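Coordinate inspection notes
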Amino acid sequence: MPPILKSRVALAALVGVFLIPIMTSSLRGLTHVLTCSGEVETPFTVVVEEGSEPIVLSAAQLVAGEDESLCGGINVDFQARAFDGNRVALTVVLVNETADPWRGTINLDLGRARIPISIGLVASGAEDVETVVLTLDQGESEISGSLLIGP
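Residues take numbers from 1 onward in each chain, read along the sequence in its written order. Local features in a predicted model are, by the rule used here, given only for residues with pLDDT of at least 70; side-chain atom pairs are given and counted only at 80 or more, and totals for whole chains, interfaces and linings are based on all residues. Side-chain measures here rest on the full set of heavy atoms in the structure, leaving out hydrogens and waters.

**Some points on the overall build of the protein chain**
Here a strand is any run of E in DSSP of at least two residues, a helix any run of H or I of at least four, and the numbering for each starts at the N terminus. The helix and strand tally for the protein chain stands at 1 helix and 8 strands. In the protein chain, the succession of α and β elements from N to C terminus is α-β-β-β-β-β-β-β-β. The criterion used for residue contact is that any of the two residues' heavy atoms lie within 4.5 Å. The long-range fraction of contacts in the protein chain, counting pairs at least 24 apart against all pairs at least 6 apart in sequence, stands at 67%. As presented, the protein chain carries roughly 9,500 Å² of accessible surface, and 56% of it is formed by carbon and sulfur atoms. Surface accessibility follows the Shrake-Rupley procedure with a 1.4 Å probe radius. Residue values consider only the protein chains on display as shielding.

In structure tokens:
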């Protein structure tokens, strides 16, 4: 093999080694740089039985004087309601009470599945509302989530 070809093959292999982490990485639904994350403490349990509307159960604990905001001033509120048959409408309200605009993603954990919901850019002092309709299997399902934000 000519020496020039050996050097080119070595260069290609070196570049390939650096590209392996990029090719095998996953952003898991993120569309922005992640600078802060926090668990949203409003889990829902949904019971779906044949022939009836889904039953949505939730419990949240409020402590007087405790700041419920995440990441220095982001408030998240989950709301769930029976929608149609075995479907549930989940509404996410995100309020930005910081001085900076933020781009957000909500990761919903539904059993073993993780569903990313892009909130998009939320300006300082603004509110954004996103609604997603989930079709659930019969039985009991738990829905929880986490907020992932960045600039």
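**Things to note about the sheet that holds strand β4 (residues 87–96)**
Paired strands, as defined in this entry, are two strands with at least two bridges between them according to DSSP. Overall, antiparallel pairing links the 3 strands, which are arranged β3-β4-β7 in an open sheet. Strands at the two margins of the open sheet, each flanked by one partner only, are β3 (74–84) and β7 (127–135). Strand after strand, the sheet turns through a mean of 20° between neighbouring axes, direction not considered. As defined by bridge partners, β4 adjoins β7 across 9 bridges and the pair is classed as antiparallel. Note that in β7 the partner of V88 across the bridge is L134. To define axes, lines are fitted to C-alpha atoms, for helices over the stretch in contact only, and angles between the resulting N-to-C directions are given on a 0 to 180 degree scale.

**Considering the environment of T135**
Mapped onto the elements, T135 comes out in strand β7. Owing to a relative accessible area of 54%, T135 belongs among the exposed residues under this scheme. Residues T135 and N86 lie 49 residues apart in sequence; the distance between their C-alpha atoms is 6.0 Å. The residues touching T135, leaving out its near neighbours within four places in the chain, are N86 and R87. Buried means the residue's accessible area, taken with a 1.4 Å probe over protein chains only, is under 20% of the maximum for its type, while exposed means over 50%, and partly exposed covers the values in between.

**Description of the nonpolar core**
Side-chain atoms within 4.5 Å are what join buried Ala, Val, Leu, Ile, Met, Phe, Trp, Tyr and Cys residues into a set we call a nonpolar core. Counting residues in each nonpolar core, the largest one holds 21 residues, and the members touching the most others are V76, L94, I106, L108, L136 and I143. Elements with a contribution of two residues or more to this core: β1 (36–48), β3, β4, β5 (102–110), β6 (113–122) and β8 (139–150). Among all residues touching L108, those that are not within four sequence positions of it are F78, L90, A113, R114, I115, I117, V132, I143, S144 and G145.

**Focus on the pairing of β5**
Extensive coverage of β5 is indicated by the burial of 8 of its 9 residues. Joining the antiparallel neighbours β5 and β6 is a turn of 2 residues, in which G111 adopts a positive phi near 65°.

**Quick look at a nonpolar patch on the surface**
Together, L11, L14, V15, F18 and L19 give the surface a local cluster of nonpolar side chains, amounting to about 490 Å² of exposed area. Turning to its location among the elements, L11 is positioned in helix α1 (residues 3–24). The class for L11 is exposed, based on a relative accessible area of 53%. Surface patches are drawn from residues lacking salt bridges whose relative accessible area is over 30%; two like charges belong together within 9 Å, two nonpolar side chains (Val, Leu, Ile, Met, Phe, Trp, Tyr) within 5 Å. The salt bridge criterion pairs a side-chain nitrogen of Lys or Arg with a carboxyl oxygen of Asp or Glu, the two atoms within 4 Å.

**What about the environment of L94?**
By the element assignment, L94 lies in strand β4. With 12 residues separating them along the chain, L94 and I106 place their C-alpha atoms 9.7 Å apart. Those residues in contact with L94, other than ones at most four positions away along the chain, are I74, N75, V76, I119, V122, A126, E127, D128 and L147.

**A closer look at the confidence of the model for the protein chain**
For residues with low pLDDT, the predicted coordinates do not support detailed interpretation. What pLDDT expresses is the predictor's confidence in each residue, scored from 0 to 100. The share of residues in the protein chain with pLDDT of 70 or more is 77%, and the mean pLDDT across the chain is 75. Taken element by element, the protein chain is modelled with least confidence in β1, mean pLDDT 73, and with most confidence in β7, mean pLDDT 84.

**Here we look at the side chain of N96**
Within the secondary structure, N96 is located in strand β4. Reaching out from N96, the side chain makes a polar contact with the side chain of T98 at a distance of 2.5 Å. Once residues within four sequence positions are removed from consideration, N96 is found in contact with G73, I74, P101, W102, V122, A123, S124, G125 and A126. Pairs of N or O atoms are called polar contacts if they sit within 3.5 Å, as long as, within protein, a hydrogen donor faces a hydrogen acceptor (for residues adjacent in sequence, only side-chain-to-side-chain pairs).

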